[in-house]
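These are the residues of each chain, in order.
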Amino acid sequence: MLGFAVLGTVAFWKRESFLRALLYAEPVHLDEAFHEAIAEADRVVIRRGGFDCCGRVNRDPVLFTVSGRAAVEQIAVHIRLKPLTITNSSELGECGCCGYPGMDWYRGRKLVALTSVHHGKRLRWKGF
């Protein structure tokens, strides 16, 4: 009887080791891609609302706008993105909320990056 218990424990441990070996975790560096996308931005619109997953953002009330290339650059230089780890695990570890506030980057009238602040510490962007 003890032999079956040991055999079952070893089989379970081997199964778990095998499943863990199938997972991968690869860091993706997005800082450069984001800064390239906003490099020519000359306006940032901060709005009440979040990412565009919850509805049309063009109807969100604008909280304030920062205009001018130099002023926008002062915001951009303070944004640093930590590498994101992509896995093939079904565990996302993040919620699906839209974040708050919305932070949209423009060059002239063209929207170059639609973002929102996610839980006060992350930036949500379609480029991610």
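This text goes with the structure placed above it.
This is a predicted model, so every value here is computed, not measured.

Visitor: Just to check I follow, could you spell out the packing of aromatic side chains for this structure?
Guide: The way to describe two aromatic rings as a pair is by their centre distance and the angle between their planes. Scanning the model with the defined rule gives two aromatic pairs in all. Note on Phe34 and Trp105: the rings are 5.9 Å apart at their centroids and 85° apart in plane angle, and the pair reads as edge-to-face. Highlighted residues: Phe34 in helix α2 (residues 31–37) and Trp105 in strand β5 (residues 102–107), separated in sequence by 71 residues. Judged by relative accessible area, which is 0%, Phe34 ranks as buried. Geometrically, the ring pair formed by Phe34 and Trp125 is edge-to-face, given 5.1 Å between the ring centres and 80° between the ring planes.

Visitor: Honestly, the pairing of β5 in this entry has me stumped. Any pointers?
Guide: Across a regular strand the side chains alternate sides, sitting on one face of the sheet and then on the other. With respect to burial, β5 is a largely interior element, five of its six residues being buried. Direction of pairing for β5 relative to strand β6 (residues 110–118): antiparallel, over a ladder of six bridges. What sits directly across from Asp104, in β6, is Leu114. As consecutive antiparallel partners, β5 and β6 are separated by two residues, and within that stretch Gly108 has a phi angle of approximately 65°, a positive value.

Visitor: What is the right way to read the sheet that holds β5 from this model?
Guide: Adjacent strands of a sheet pair through backbone hydrogen bonds, lying either parallel or antiparallel. Strand order in this open sheet of five strands is β3-β2-β5-β6-β7, and the pairing throughout is antiparallel. Each edge of the sheet is formed by a strand with only one pairing partner; in this case those strands are β3 (62–67) and β7 (122–125). Sheet twist, expressed as the average angle between the axes of neighbouring strands with direction ignored, equals 25°. Pairing between β6 and β7: four bridges, direction antiparallel. Of the residues in β7, the one forming a bridge with Ser116 is Arg124.

Visitor: It is not clear to me how the side chain of Asp104 should be interpreted in this structure. Could you clarify?
Guide: Along the chain, Asp104 turns up in strand β5. Accessibility expressed as a relative area gives 3% for Asp104, which makes it buried. Within the local environment of Asp104, its side chain forms a polar contact with the side chain of Arg47, the two groups lying 2.5 Å apart. Ignoring sequence-local partners within four residues, the contact set of Asp104 consists of Arg43, Val44, Val45, Arg47, Leu111, Ala113, Leu114 and Thr115.

Visitor: Honestly, the pattern of salt bridges in this entry has me stumped. Any pointers?
Guide: For side chains bearing opposite charge, pairing can occur when the charged atoms are close. Throughout the structure, instances matching the rule amount to three salt bridges. With a shortest N-O distance of 3.4 Å, Arg69 and Glu73 are connected by a salt bridge. Of this pair, Arg69 and Glu73 both sit in helix α3 (residues 69–76), four residues apart, roughly one helical turn. The partly exposed category is assigned to Glu73, whose relative accessible area is 38%. Within the structure, one salt-bridge network assembled from shared partners comprises Arg47, Asp60 and Asp104.

Rules used in this analysis
- Residues numbered from 1 in each chain as written.
- Predicted model: local features only at pLDDT ≥ 70, side-chain atom pairs only at ≥ 80, totals over all residues.
- Heavy atoms only, no water.
- Phe/Tyr/Trp six-rings, centres within 6.5 Å; stacked < 30°, edge-to-face > 60°.
- Helix = DSSP H or I, 4+ residues; strand = E, 2+ residues; numbered from the N terminus.
- Buried < 20%, exposed > 50% of the residue type's maximum accessible area, 1.4 Å probe, protein only.
- Pairing = 2+ DSSP bridges.
- Axes fitted to C-alpha atoms, helices over the stretch in contact; angles between N-to-C directions.
- Polar contact = N/O pair within 3.5 Å; in protein donor to acceptor, adjacent residues only side chain to side chain.
- Contact = heavy atoms within 4.5 Å.
- Salt bridge = Lys/Arg side-chain N within 4 Å of Asp/Glu carboxyl O.

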